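Chain by chain, the residues run as shown.
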Amino acid sequence: MSYPDKKSKGYIASVVGGLSGALALMALGLFLAGFYITQFAPLTPTTTPLTFGLMICASLGEVLGCWFVLRWRRYKLAGRTAALLAALIIPGWLLFLGLSFLTRSLIFAAFVTLVILPLIARLLTNYPGYFGILSKITNTFAKRP
């Protein structure tokens, strides 16, 4: 069975996949953190493992969810989009920290970060020559005297 070529570029699918994957693995992370807190709370402080656990769950869930939905909807280059999204995770968390500092809202900053990163990854997948245009604009490959 063959499917016709899709006219859409997969932006909505990447955002929906990223958000749903991040929320699903964050829920699993909160469940496991609740188990950890009830078993080991008197022995260790719980804020640091909980924070890092939620960050790792959100990042991994966003990448896996984006890949899964793009693959499920049969968009081209789903793996490349997921790889670019994985590469954008560290700058994304820096964006999250900056937005949370500026807006004083962790929920807003997390939502904006989880929406913008899959969009950027899919944009770079659909238009791979974007870096070439960017280098021409910034004159990166100019010859030196």
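A few points on the structure.

Rules and cut-offs
- Residues numbered from 1 in each chain as written.
- Predicted model: local features only at pLDDT ≥ 70, side-chain atom pairs only at ≥ 80, totals over all residues.
- Heavy atoms only, no water.
- Helix = DSSP H or I, 4+ residues; strand = E, 2+ residues; numbered from the N terminus.
- Buried < 20%, exposed > 50% of the residue type's maximum accessible area, 1.4 Å probe, protein only.
- Contact = heavy atoms within 4.5 Å.
- Areas by Shrake-Rupley, 256 points an atom, 1.4 Å probe, with all protein chains shown as cover.
- Phe/Tyr/Trp six-rings, centres within 6.5 Å; stacked < 30°, edge-to-face > 60°.
- Lys NZ or Arg CZ within 6 Å of the ring centre and 35° of its normal.
- Expected span 1.5 Å × (residues − 1).
- Patch = residues over 30% accessible without salt bridge, like charges linked within 9 Å, V, L, I, M, F, W, Y side chains within 5 Å.
- Salt bridge = Lys/Arg side-chain N within 4 Å of Asp/Glu carboxyl O.
- Core = buried A, V, L, I, M, F, W, Y, C linked by side-chain atoms within 4.5 Å.

1. Thoughts on the overall build of the protein chain
Thought 1: Scanning the protein chain from N- to C-terminus turns up six helices and zero strands.
Thought 2: Going from the N terminus to the C terminus, the protein chain shows its helices and strands as α-α-α-α-α-α.
Thought 3: Here the protein chain holds 145 residues, and the buried ones make up 32% of them.
Thought 4: Here the contacts in the protein chain between residues at least 6 apart in sequence split such that 73% fall between residues at least 24 apart.
Thought 5: Of the roughly 10200 Å² of accessible surface on the protein chain, a fraction of 74% belongs to carbon and sulfur atoms.

2. Section: the packing of aromatic side chains
Thought 1: A complete count under the given rule lists one aromatic pair for this structure.
Thought 2: Ring centres 5.1 Å apart and planes at 85° place the aromatic pair tryptophan 93 and phenylalanine 96 in the edge-to-face group. Residue tryptophan 93 and its partner phenylalanine 96 are located together in helix H4 (residues 89-103), separated by three residues, close to a single helical turn. Neither residue differs from the other here; tryptophan 93 and phenylalanine 96 are each classed as buried.
Thought 3: Stacked on the ring of phenylalanine 101, the Lys or Arg arginine 104 has its end atom at 5.1 Å from the ring centre.

3. Observations regarding helix H1 (residues 11-40)
Along an α-helix, a turn takes 3.6 residues, which lines up residues three or four apart on a common side.
Thought 1: Helix length check: H1 (30 residues) gives 42 Å between terminal C-alpha atoms against 44 Å at 1.5 Å per residue, within 8%.
Thought 2: Buried within H1 are the following residues: Ala13, Ser14, Val15, Gly17, Gly18, Leu19, Gly21, Ala22, Gly29 and Ala33.

4. Things to note about unusual backbone geometry
Thought 1: In the Ramachandran plot, arginine 74 falls in the positive-phi region, its phi being about 65° despite a non-glycine side chain.
Thought 2: One non-glycine residue, leucine 77, lies in positive phi territory at about 60°.
Thought 3: As for its position among the elements, leucine 77 is in the loop between helix H2 (47-72) and helix H3 (78-87).

5. What about a nonpolar patch on the surface?
Thought 1: A surface patch of nonpolar side chains, amounting to about 330 Å² of accessible area, comprises Leu28, Phe31 and Leu32.
Thought 2: Relative to the helices and strands, leucine 32 is located in helix H1.

6. Quick look at the nonpolar core
Thought 1: One finds Ala13, Val63, Leu70, Leu85 and Trp93 to be the most contacted residues of the largest nonpolar core, which totals 19 residues.
Thought 2: Of all the secondary structure elements, the ones that give two or more residues to this core are H2, H3, H4 and helix H5 (106-126).
Thought 3: Among the elements that line this core, the one with the most residues is H2, at five residues.
Thought 4: Residues within four places of valine 63 in sequence aside, it is in contact with Ala82, Leu85, Ala86 and Ile89.

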